[in-house]
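Structure at a glance
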Amino acid sequence: MQGSSLSFPSVMASRWTLPGSQIVSPAAERLRHILGEDDSTPTPTLFTEMDTLQHEGGELEWKESARWVKFEEKVEEGGERWSKPHVSTLTLHSLFELRTCLQTGSILLDLEGYSLPQIVDEIVDRQIADGLIPPDLKEKISFVLLRKHRHQTKKPIHRSLADIGKSSNAPSNRSPQVNLSHSPSSASGIHRSTEDLRSRQSSSLSRLHHAQSRSMNDISDTPSTDQLKNKFMKKIPRDAEASNVLVGEVDFLDKPFVSFVRLAQATTLGGLTEVPVPTRFLFILLGPHGKTKSYNEIGRAIATLMVDDLFSDVAYKARDREDLIAGVDEFLDEVIVLPPGEWDPKIRIEPPKKVPSAEMRKSVLNLNELGQMNGSAGGAAGGEDEEFPAPHELGEELKFTGRLGGGLWLDIKRKAPWICSDIYDGIHIQSISAVLFIYLGCITNAITFGGLLGDATDNYQGVMESFLGTALAGTVFCCFGGQPLIILSSTGPILIFEKLLYEFSKSNGVDYMELRLWIGLHSCFQCFLLVITDASYIIKYMTRFTEEGFSSLISFIFISDAIKKMVGTWKYYPINRGFKPDYITAYKCECIAPDQASALGLNVSAPLADDNMTLLFNLTDLDWSQLSKKECVKYGGMLVGNSCKYVPDLALMSFILFFGTYSMTVSLKKFKFSRYFPTKLRSLVSDFAIIISILLFCGLDCLMELDTPKLHVPTQIKPTRSDRGWLMVPFGKNPWWWYVASFVPALLVTILIFMDQQISAVIVNRKENKLKKGCGYHLDLFWVGILMAVCSFMGLPWYVAATVISIAHIDSLKMESESSAPGEQPQFLGVREQRLTGILVFVLTGLSVFLAPVLKYIPMPVLYGVFLYMGVASLSGIQFWERIKLYLMPPKHQPDFSFLRHVPLRRVHLFTLVQIICLAVLWILKSTFLAIIFPVMILGLMVVRKLLDLMFSQHDLAWLDDILPDKDKKKKEDDNKKKKKEKKGAEPESDEEPTSSAPPPVKIPMEAIEPVHVNPPTQNQTSD
C-alpha cells in the first residue's frame, strides 16, 4: 500500500495548474456535474462510527474506537469514557493511502442489502469476482466480519456462567469456526482462530449460502435495549443515517482487503451501530499484521471525509469509483498542512464557535473556479478578497407602492396568514420568563414616568393614568399591530412636550386637557396621511449610523437613569459617617412634652391630634418618655438628642440590592455556556435568570427587615385629580381658533412619534434577528395614530415604541437549536414570534391595581437593577459600542472584526469619533428644554451621514456603515456600464479576426513556457 501511495503526489501534481490558469481539472469537472444536478432532497446528516478488530476473552470482536457527528470523539485509553469533541487531525499520508484504497479496492454503489450477512456475502463475492482475493478466503473473511460489536455504551464484556454453558453444551448450534474461536487452548485470539479456520476448511464450505452465513453471524438482527435507550440519540438529527468503518488486521491475508459500500436504502443492521440509526455506507479495511497504526489512520481519514458536508454529498451522488476519488481530490485541495516541528500532534483542537458552511465550496465549484490550491476555493481567503460586504437590506416592507394605502394593504396581507400561529407559538415555557421580565420593566417604567408626568402637569396625568394607558395601548397594539414584539411605552421627549404644553396652557389661560385633546386628534390625522402615502419609505435612508446613534442614546438613558435613582438614595438615606461606637453611651433620643420644650426655648409645632377635648385633656397624663417616635410627633412632642436623626444604612443596602440584581442576572444569563449541569437545566436557568435574581434579592430584603424604598402601586381605579373624569370634552373651554392652531404643535408630535416608532421598528426587524413572519411599518404607525386619539379622549399619556424594552423582549424570546452535534455550538434559529407574551404583559399591567398587596414587597433598587441590565444588554451587538472599546485596546489585542480587515484603523477611529460627537450633542439636547426638538435632531443624523460621503470612500462606508440607496443604485449602474463597454470592446476584435481559433489569453503564458526544441506532443497530451 505504501509503495502505491508514493507515486500519488506525482498524480496530484499533474492536476494542479499554475496561478492565473483557468484550466479545470478532470476531477473538479466531475464534481461540478455531480453537485450541479437538480435534487430537491437534502443530504441526510451522517453519523460515523469506527470499529477496530480486537481479541477479548478468547473471542474476536469489533470494538468501537471513535465516532463522528460533526467532530471526532475517541474512546480514551482507559476505555471508560469518551474524549471531548475535537477537530480531526489527519496525516497527509493517510489521505494518500485512502485514495489508493478507493482506487484498488471494490466499490459497490446502490447495493440492495437488508441484513449484514447478505451484505457481507455480496462484498466477498465481488472481491472474488474482481480477482482481489482467492475463493478459499471467503469463509474466513465472512467469519471475521460477522463478529459481535461492543460499543462504548456497554461495559467490558465478562462472560457469565450461562455464556460458558451455551458455548460448551451446544456446539452443534455454532459453526466449527466459532467453536474453535472459543477453544481454551488458543494462545492468541486472532492467530489461533484464523489458523484453526485455515486447517478446518473443506470443499463443502467453499461456497457459503445465506443460511450458513447466518449461522456464523454473531450480531443481533434487531437493535438491543442499550441501543434504543442511548441518550446520544438526542445529539443526532432525526433523519440521520449511519456510515460504519471497520478496520482490523488478520494473519490470513497477505494484502489489504478494501471495500466501500453504499446501500440503495438505509437499513438498520441490528447491533452494528452504537445507536439505532439506519446504515447507508460501509467501509471495510482488513490487512496483514504489523500496520495497525496505518489502518487506524486510514479509517479515521474516511470517517472524517464522510462527515464533511461536501464529500458526503459526493458519496450520496457518486456514480462510479472516479466520482469518489474526485471527492477525495477536492478535500485534498482544501487541506492545510501544519509543520510537524511547530505543533504537538497530541493536542486536540477545540471545535470553533462558528463553523464555515460548505455552501461556499459548492458555489465556487459552480463558478468554474476549480483546480485552485489550499483553501482558495472556500476558506478564509475567499472572504478576505471581498470588496464589499453583503448589502444591508430592509426588505420589501419599505418599498414604495405608488398607491394610496398600498403599503398598509400589503402589511395586512402579509400578517393575516399568521394570526393563528401568533397565538399558539407563544405557548411555551420560555414565554413565562419573557412575560414576567417585560412586565416588571413596564410597571417600573409606568410608575417612574407617571410620577414625573404628575409633577409636570399638576397631577392631570399621574401614575394611575400611566398604568391604564400602558395597559390599553399595549394590549391593542399587540393584538392588531404589524410587529407584536414591539413594546409601547412613554418616552422622555413626550414628557418634555407635556411639561412645556402645560406651562404654556397655564400661563395663557388655556384649558390644558382640551388643547391636548386637539393636538392628539391632529397628530392622529397626520399619522394617517403618512400611512396612506407610504411615507415610511424614507426609513430606507436610515443606515446603521442613525440606528446605532439612536439606540445607543436610549440605552445610555436607561443606564444613567438607573444610576441616578440609586445616587438619589444616598441623599434621602445618608450613611451615618459621624457614628462612633466608642461614644454609644452618649447617644440618646428623648421625647419631651410641649410645655417642657417651650420652657427650654425649643420651637414646638401644634399637636397633630384631632380637635377632641378628651384627647387634649389626656395629653397631660401621658408618659412622654415611653412614646415612640411617630406617637411623639403625632401628639406635638419634641425629639431631643443626637441620635434622633439616626436611620439604618439603607443607602448601602439599596446599592447591594441594585448591583446584586444586575450582576446575578448577567451571571445567570451566561450560565447557559457553563460546563456544569445538563444542557436543559442550564437553558432553563438562563431563560429565568431575571426572575431568579429578583426573587432572590426580594427574599434578602425581607430577611434583613430594613425599610428600603418599595414599589407603590395605586389601589383604586380613579383619576389622580378629583376634578377630572375619564372622558375629555372636545368643545366649550377654549376659543374655536385653538382647535385649528393646535395643528402646529401636533406636527412636532407627529415627527416625534414617527421617528421614534419607525427607528425602533427597524432595530427590532433587523435581519440578524431572523424574523420569518415579516413586519408592518405602515400598520404599526396606523395603530399608533389611532391610540393617540383614544388616549387623548381619555386623558391618558401618549405611547410609542420603546427601543430598549423591545430589544429586551426580543432577547428573552430567542431560540436555539436543541439537537446539536457534540462540540458544535447551538445555532441561533430566530425569535419566537407571537402576540401572546405582549398581550399578557399589558393585561397584567392593567391588573396591577389588584396585585398591589403583593407588589409592595418588591424593593425599588431591585427594579433599578433590572433597568440597568436592560440598558447594558441592549448595547450588545452594536458595532458602534465595539468600536468605542477599540480605543482602549492595543492593536495586537483587538478582536478580529471584519471591518478591521478592510478599513485602516485610523479611519475606523475617525468614523467612531464622529458618532461620539453626534451622540454627545443628542445627550446635551436631551438634558435641556431643547429636548422637544429631539426628533428633528434624529433627522439631523441622516444629514450628517450624507456628509460622511465626502469624508470616507464608499468601500470604507460599506464596512463601517451601509451604503445609501442612491449610492448603491449608482454603483450598480456603473457596474452595468462597465460590462457593456467590455462587451462592445470585445465585438470589433472578433470581427477583425473571424477565423482566429487562438486559445484563451490565460493559456498563452502556459504555452510560452514550453521549450520549442522538444518532441511534438502526443494526441492525449494535446487533448489535455
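All values derive from a computational prediction rather than experimental measurement.

Right, let's get into the environment of isoleucine 916. Summarising the element assignment, isoleucine 916 is placed in helix H39 (residues 905-926). Taking C-alpha positions, isoleucine 916 is 10.0 Å from tryptophan 881, a pair spaced 35 residues apart along the chain.

The next thing to look at is the pairing of strand E6 (residues 241-249). With nine of nine residues buried, E6 lies mostly within the body of the structure. As judged from the eight bridges shared by E6 and strand E8 (residues 279-287), these two strands associate in the parallel manner. Across the sheet, glycine 248 pairs through a bridge with leucine 286, a residue of E8.

Before going further, it helps to spend a moment on the packing of helix H21 (residues 492-507) against helix H22 (residues 512-532). At their nearest, the axes of H21 and H22 sit 9 Å apart, and the two run at 130 degrees to each other. By the angle between their axes, H21 is oblique relative to H22. The interaxial crossing formed by H21 with H22 has right-handed handedness. Across the interface between the two elements, Phe497, Glu498, Leu501, Tyr502 and Ser505 of H21 pack against Tyr512, Leu515, Arg516 and Ile519 of H22.

This part takes up the packing of aromatic side chains. Scanning all chains against the criterion turns up 18 aromatic pairs. Ring geometry for phenylalanine 260 and phenylalanine 281: centres 6.0 Å apart, planes at 40 degrees, overall tilted. Here the residue phenylalanine 260 occupies a position in strand E7 (residues 257-267), and phenylalanine 281 occupies one in strand E8, the gap between them amounting to 21 residues. This pair shows no difference in class: phenylalanine 260 is buried, exactly as phenylalanine 281 is. The interplanar angle of 45 degrees and the centroid separation of 6.3 Å between the aromatic rings of phenylalanine 659 and tyrosine 662 together place this pair among those described as tilted. With phenylalanine 659 and tyrosine 662 both in helix H27 (residues 650-670) and three residues apart, this pair spans about one turn of that helix. Judged by relative accessible area, which is 17%, tyrosine 662 ranks as buried. Through a chain of ring-to-ring contacts, the aromatic side chains of Phe480, Phe528, Phe782 and Trp783 assemble into a single cluster. Geometry around tryptophan 82 places arginine 67 over its ring, the cationic atom sitting 3.9 Å from the centre. Positioned over the ring face of tryptophan 798 is arginine 516, at 4.4 Å from the centre of the ring.

Unlike most non-glycine residues, aspartate 534 shows phi in positive territory, near 55 degrees. Residue aspartate 534 is classed as buried on the basis of its relative accessible area, which comes to 2%. Unlike most non-glycine residues, lysine 770 shows phi in positive territory, near 55 degrees. Mapped onto the elements, lysine 770 comes out in the loop between helix H31 (743-764) and helix H32 (777-794).

On to the pattern of salt bridges, then. The final tally for this structure, using the stated rule, is 27 salt bridges. Across the pair aspartate 110 and arginine 262 runs a salt bridge whose closest N-O atoms are separated by 3.1 Å. Taken together, the positions of aspartate 110 in strand E4 (residues 106-111) and arginine 262 in strand E7 put the pair 152 residues apart, joining distant regions of the chain. When its relative accessible area of 44% is taken as the criterion, aspartate 110 is described as partly exposed. Residue arginine 945 is joined to aspartate 961 by a salt bridge in which the shortest nitrogen-to-oxygen separation is 2.4 Å. On the criterion of sequence distance, the pair formed by arginine 945 in helix H40 (residues 934-947) and aspartate 961 in the loop between helix H41 (954-960) and helix H42 (965-992) is long-range, its members being 16 residues apart. The same class applies to arginine 945 as to aspartate 961, namely buried. A cluster of three or more residues bridged by salt bridges with shared partners is formed by Asp422, Asp425, Lys773 and Arg835.

A word on the packing of helix H12 (residues 292-306) against helix H13 (residues 309-317). In the contact formed by H12 and H13, the axes pass within 6 Å of each other and the chain directions differ by 90 degrees. Classified by the angle between their axes, H12 and H13 sit roughly perpendicular to one another. Between H12 and H13, the contacting residues are Ile302, Leu305 and Met306 on the first element and Phe311, Ser312 and Ala315 on the second.

Right, let's get into the confidence of the model for the chain. Considering every residue of the chain, the mean pLDDT works out to 75; 74% of them sit at 70 or more. Confidence over residues 155-215 falls short of pLDDT 50; this stretch has 79 contacts with residues more than four positions distant or in other chains. Here residues 604-617 scores under 50 on pLDDT; set against residues more than four positions off or in separate chains, the count is 15 contacts.

For the rest of this paragraph, the subject is the environment of glutamine 626. Inspection of the secondary structure puts glutamine 626 in the loop between helix H25 (613-618) and helix H26 (629-634). Given a relative accessible area of 61%, glutamine 626 falls into the exposed group. Separated by 36 residues in the primary sequence, glutamine 626 and glutamate 590 place their C-alpha atoms 8.9 Å from one another.

So, about the side chain of glutamine 894. Considering the arrangement of structural elements, one finds glutamine 894 in the loop between helix H37 (879-885) and helix H38 (898-902). Discounting chain neighbours no more than four positions away, the residues touching glutamine 894 are Leu886, Met889, Leu900 and Leu905.

Let us now look at the state of the cysteines. In protein structure, a disulfide is the covalent linkage between the sulfur atoms of two cysteines. Summed over all chains, the structure comprises zero disulfides. Cysteine 478 forms no disulfide, and the closest cysteine sulfur to it belongs to cysteine 479, at a distance of 7.2 Å. On the basis of relative accessible area, cysteine 478 is assigned to the buried category, the value being 0%. Distance from the sulfur of cysteine 702, which forms no disulfide, to the nearest cysteine sulfur (cysteine 698) is 6.9 Å. For cysteine 702, a relative accessible area of 43% gives the class partly exposed.

Basis of the calculations
- Residues numbered from 1 in each chain as written.
- Predicted model: local features only at pLDDT ≥ 70, side-chain atom pairs only at ≥ 80, totals over all residues.
- Heavy atoms only, no water.
- Helix = DSSP H or I, 4+ residues; strand = E, 2+ residues; numbered from the N terminus.
- Buried < 20%, exposed > 50% of the residue type's maximum accessible area, 1.4 Å probe, protein only.
- Pairing = 2+ DSSP bridges.
- Axes fitted to C-alpha atoms, helices over the stretch in contact; angles between N-to-C directions.
- Parallel < 35°, antiparallel > 145°, perpendicular 65-115°, else oblique.
- Left-handed = near helix turned anticlockwise from the far one by under 90°.
- Contact = heavy atoms within 4.5 Å.
- Phe/Tyr/Trp six-rings, centres within 6.5 Å; stacked < 30°, edge-to-face > 60°.
- Lys NZ or Arg CZ within 6 Å of the ring centre and 35° of its normal.
- Salt bridge = Lys/Arg side-chain N within 4 Å of Asp/Glu carboxyl O.
- pLDDT = per-residue confidence, 0-100.
- Disulfide = S-S within 2.5 Å.

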